[in-house]
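# Chains, contacts and geometry: an overview
Here is what each chain is made of, one letter per residue.
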Amino acid sequence: MKKNIILLSGLFLFSGFIVAQNKGLVANSNSPYSKLQSVGLQDVQWTSGFWKEQFDVENKNTLPYMWDLYHNDTISHAYKNFEIAAGLTKGTFKGPSFHDGDFYKIFEGMAATYAVTKDKKLDKQMDEAIAMFAKVQRKDGYLHTPVLIDERWGTLGPEEVKKQLGFEKYNMGHLMTAACIHYRATGKTNFLNIAKGVADFLYDFYKKASPELARNAICPSHYMGIVEMYRTTKNPKYLELANNLIDIRGTTNDGTDDNQDRIPFRQQTTAMGHAVRANYLYAGVADLYAETGEKKLLDNLESIWDDVTYRKMYITGACGALYDGVSPDGTSYNPADVQKIHQAYGRPFQLPNATAHTETCANIGNVLWNWRMLQITGEAKYADIVELALYNSVLSGISLEGKEFFYNNPLNVSKDLPFKQRWSKEREGYIALSNCCAPNVTRTVAEVGNYAYNLSKEGLYVNLYGSNDLNTMTLAGEKIEIEQQTNYPWDGKISLKIVKAPKEAYAFFLRIPGWSQGTTVSVNSNGIAEGIISGSYLKIFQKWKKGDVIELNIPMPVELMQANPLVEEVKNQVAVKRGPIVYCLESDNLPTDTSVNDVILSVNAPFTTNFIELHNRKLLNIDAKSVLNKDSSWDKKLYKPFSTKETKEYNLKLIPYFAWGNHGKGEMTVWMSH
Ligand SMILES: [Zn+2]
């Protein structure tokens, strides 16, 4: 009986009726186990300062560049693959098998940008692409160009098992997410209808597939995608599918730690394997938890979060220490059981700098996961990681001008290392065979505004600081408008002016960053004495009127950071951090023929700050004192007596880590001797 009622309500809800009140990146307004809810994609407009500059770079440079690049089949074959699959032109599939998904990510960035700018050109371009996707889609909903091109032009028969470990589900996952964002940004259902076909195909496929066929381990963006489809359409089949996808993971005998499917998710308590796949999995499981409230899922996510945050994450918020390695989680030393891993989490505290893989996509995955943990719990520690990764290891993935990218985000580049790593230490316009990160950072930059605020039943959460206008509705349906002004992250003074507020008393929850000390907060210049605790949200509950001003002052001294001594690679070294920004030293700020590894930072000398302009971007630099212990006699020596001869004082210029590699090539380091 009960089952019938659920089915009926499901049918009613998904037969054409779409719940549209919820317009954020995640439509969690009806998620029973989500404490916070998204504001609308169009509700936050950057007005000046850091994120306005970054958003303008996105809108003016990155999006047009990426659109043209992905239509230029001499460089990227992504759009051409759609044309061939649609039968418009004859040809073969070219490019990585995740090409479709990368195009959807660019599309998602366009949709999120359109939500804010309402730029007609973007709308037209998106409609053009959607018409193409519709031509490509098979009658049963399937949409994945490598297979559809083979089917249409008969170059290769379907290889079902191989497909499962290709990027089919990754591509479909990004399609579903992009379609939900497009629907919320435009109100149009043309892409969402295609995504429903894909979701229905997946539902039917997983109903029939054996566990072997159902392996779905490669960069599983489809967990996030299918839950978002459930939230958008209310079709209960999609939630059932999301739950089944987690159930069947790790039930075959051929799973690997690299794919996090050697054992079922419900047995996993530490982070393992490929860091993009891992973080996408954790983000998807967090989405599932927000809908089902299954305690085991959250318990495991919290345990894995502790493992990553306290043992396996870089100071930049980056994830995935190893290019290649073996899984440290084998139960005993049996060489036959030891599994290869790649682009992966290593052992606890194994955090090499020069050889760090730290793929931009993994760092974005860290944002996606922590963002969802914040939604579920309302705990500021997750917002701290969102901020840390965004400002450091995500933005490092894109050049200041927005057209060149990093696949890896190492914390040290030393020119004398006698080996060449597979991926470049220089920014590139197109990273052949692995351009996944560029479209990913493209969509992420477009979406930062949506991370800035959240709503709860009690009030408004302010998660990220940056000058913007917020224009949204409380959960009770009343208008709320705020003008936020600040020069954050360069300065910790923030003012929030109330333009429109609910009639009754309403709470503001202000994030007091975990890295901060001595923050002061006032309302209309009256200081608040209690409750200002670093790493938490300060709740201010009162009646508000137009013109009220909340002011925060978050001190931002230059901080010297050290690592747990178990991180062997940085023992007795320090990194420089100010506010949320990690700094680095580049060799072109040193005398000729001096290595970043020769620098000994004078930790007791004063640090001063000053603004510079680089590629039209305003950056706050830090001047520091050092001594250069230049010693060129390491030739044919691995060890030698300690010496401090040949030292000279030198004034260092440190730049924000995210801005490294923007002017010529050279060495770079985050950690320095002292
Ligand atoms: Zn990537």
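Now for a description of the structure that goes with this document.

A few words on the overall build of the chain. Looking only at helices and strands, the chain has 16 helices and 24 strands in total. The globule rule puts the C-alpha radius of gyration for 674 residues at 26 Å, and the 25 Å found for the chain is close to it. Principal axes of the C-alpha set define a box for the chain whose edges measure 80 × 65 × 50 Å. Looking at the 674 residues of the chain, the share that counts as buried comes to 59%. Counting only contacts in the chain whose residues sit at least 6 apart along the sequence, the fraction spanning at least 24 positions is 72%. Total accessible area on the chain is roughly 26,700 Å²; 52% of this is exposed by carbon and sulfur atoms. One way to put it: in the chain the 74 positive side-chain charges average out to a point 3 Å from where the 74 negative ones average out.

This part covers the coordination of the zinc ion. Within the protein, the atoms that donate to the zinc ion are Glu359 (OE), Cys361 (SG), Cys436 (SG) and Cys437 (SG), at distances of 2.1 to 2.3 Å. With four donor atoms in place around the zinc ion and angles of 93 to 119° between them, the coordination shape is tetrahedral.

Each aromatic ring pair is described using two quantities: the centre-to-centre distance and the angle formed by the ring planes. Considering all chains together, one arrives at 40 aromatic pairs under this definition. Ring-pair connections join several aromatic residues into one group, and the members of that group are Trp46, Phe50, Trp51, Tyr391, Tyr465, Tyr488, Trp490, Phe611 and Phe658. Over the aromatic face of Phe50 sits the side chain of Arg617, whose NZ or CZ is 5.9 Å from the ring centroid. One residue, Lys618, lies across the ring of Phe611, its end atom 4.7 Å from the ring centre.

All right, on to helix α6 (residues 145-153) then. Within the span of α6, buried status applies to Thr145, Pro146, Val147, Leu148, Ile149 and Asp150. Looking one or two residues past α6, Gly154 carries a phi angle of roughly 65°, positive in sign.

This brings us to the side chain of Arg443. Relative to the helices and strands, Arg443 is located in helix α16 (residues 437-451). A distance of 2.7 Å separates polar atoms of two side chains, one belonging to Arg443 and the other to Asn440.

Further remarks concern unusual backbone geometry. With omega at 5°, the peptide bond leading from Tyr488 into Pro489 counts as cis. You will see that His615, though not glycine, has its phi angle at about 50°, which is positive. On the secondary structure map, His615 appears in the loop between β20 (608-614) and β21 (617-629). Look at His615 and you get partly exposed, because its relative accessible area is 32%.

This part is about the sheet that holds strand β7 (residues 459-462). Taken together, five strands build an open sheet; the order of strands is β1-β6-β7-β11-β14 and the sheet is mixed. The open sheet has two free edges, formed respectively by β1 (37-38) and β14 (536-542), since each of these has just one partner strand. Here strand β11 (residues 506-512) pairs with β14 via seven bridges, running antiparallel. The partner of Arg511 across the bridge, within β14, is Tyr537. Taken strand by strand, helix α15 (residues 380-394) contacts β11 and β14, and its axis lies near 55° from that of β11.

All right, on to the nonpolar core then. Ranked by internal contacts, the top residues of the largest apolar core, which has 219 residues, are Phe133, Phe191, Leu460, Phe508, Leu510, Ile550 and Val670. Among the elements that make up this core, the one with the highest residue count is helix α12 (residues 275-292) (twelve residues). For Phe133, the residues in contact, after removing those within four places along its chain, are Phe82, Phe103, Tyr104, Phe107, Leu143, Phe191 and Ile194.

On the basis of which strands lie adjacent, the open sheet formed by seven strands has the order β2-β8-β9-β10-β15-β12-β13 and antiparallel pairing. Where the open sheet ends on each side, the last strands, each with one partner, are β2 (44-46) and β13 (526-527). Both strand β12 (residues 520-523) and β13 contribute to a ladder of two bridges, which runs antiparallel. Residue pairing in the sheet places Val523 in a bridge with Asn526 of β13.

Reading the values: rules and limits
Residues numbered from 1 in each chain as written. Predicted model: local features only at pLDDT ≥ 70, side-chain atom pairs only at ≥ 80, totals over all residues. Heavy atoms only, no water. Helix = DSSP H or I, 4+ residues; strand = E, 2+ residues; numbered from the N terminus. Rg over C-alpha atoms; globule rule 2.2 N^0.38 Å. Buried < 20%, exposed > 50% of the residue type's maximum accessible area, 1.4 Å probe, protein only. Contact = heavy atoms within 4.5 Å. Areas by Shrake-Rupley, 256 points an atom, 1.4 Å probe, with all protein chains shown as cover. Lys, Arg positive; Asp, Glu negative; His and termini not counted. Charge placed at Lys NZ, Arg CZ, Asp CG, Glu CD. Donors = N, O, S within 2.8 Å, 3.2 Å for Na, K, Ca; no water. Tetrahedral: all angles 85-135°; square planar, octahedral: opposite > 155°, others 65-115°. Phe/Tyr/Trp six-rings, centres within 6.5 Å; stacked < 30°, edge-to-face > 60°. Lys NZ or Arg CZ within 6 Å of the ring centre and 35° of its normal. Polar contact = N/O pair within 3.5 Å; in protein donor to acceptor, adjacent residues only side chain to side chain. Pairing = 2+ DSSP bridges. Axes fitted to C-alpha atoms, helices over the stretch in contact; angles between N-to-C directions. Core = buried A, V, L, I, M, F, W, Y, C linked by side-chain atoms within 4.5 Å.

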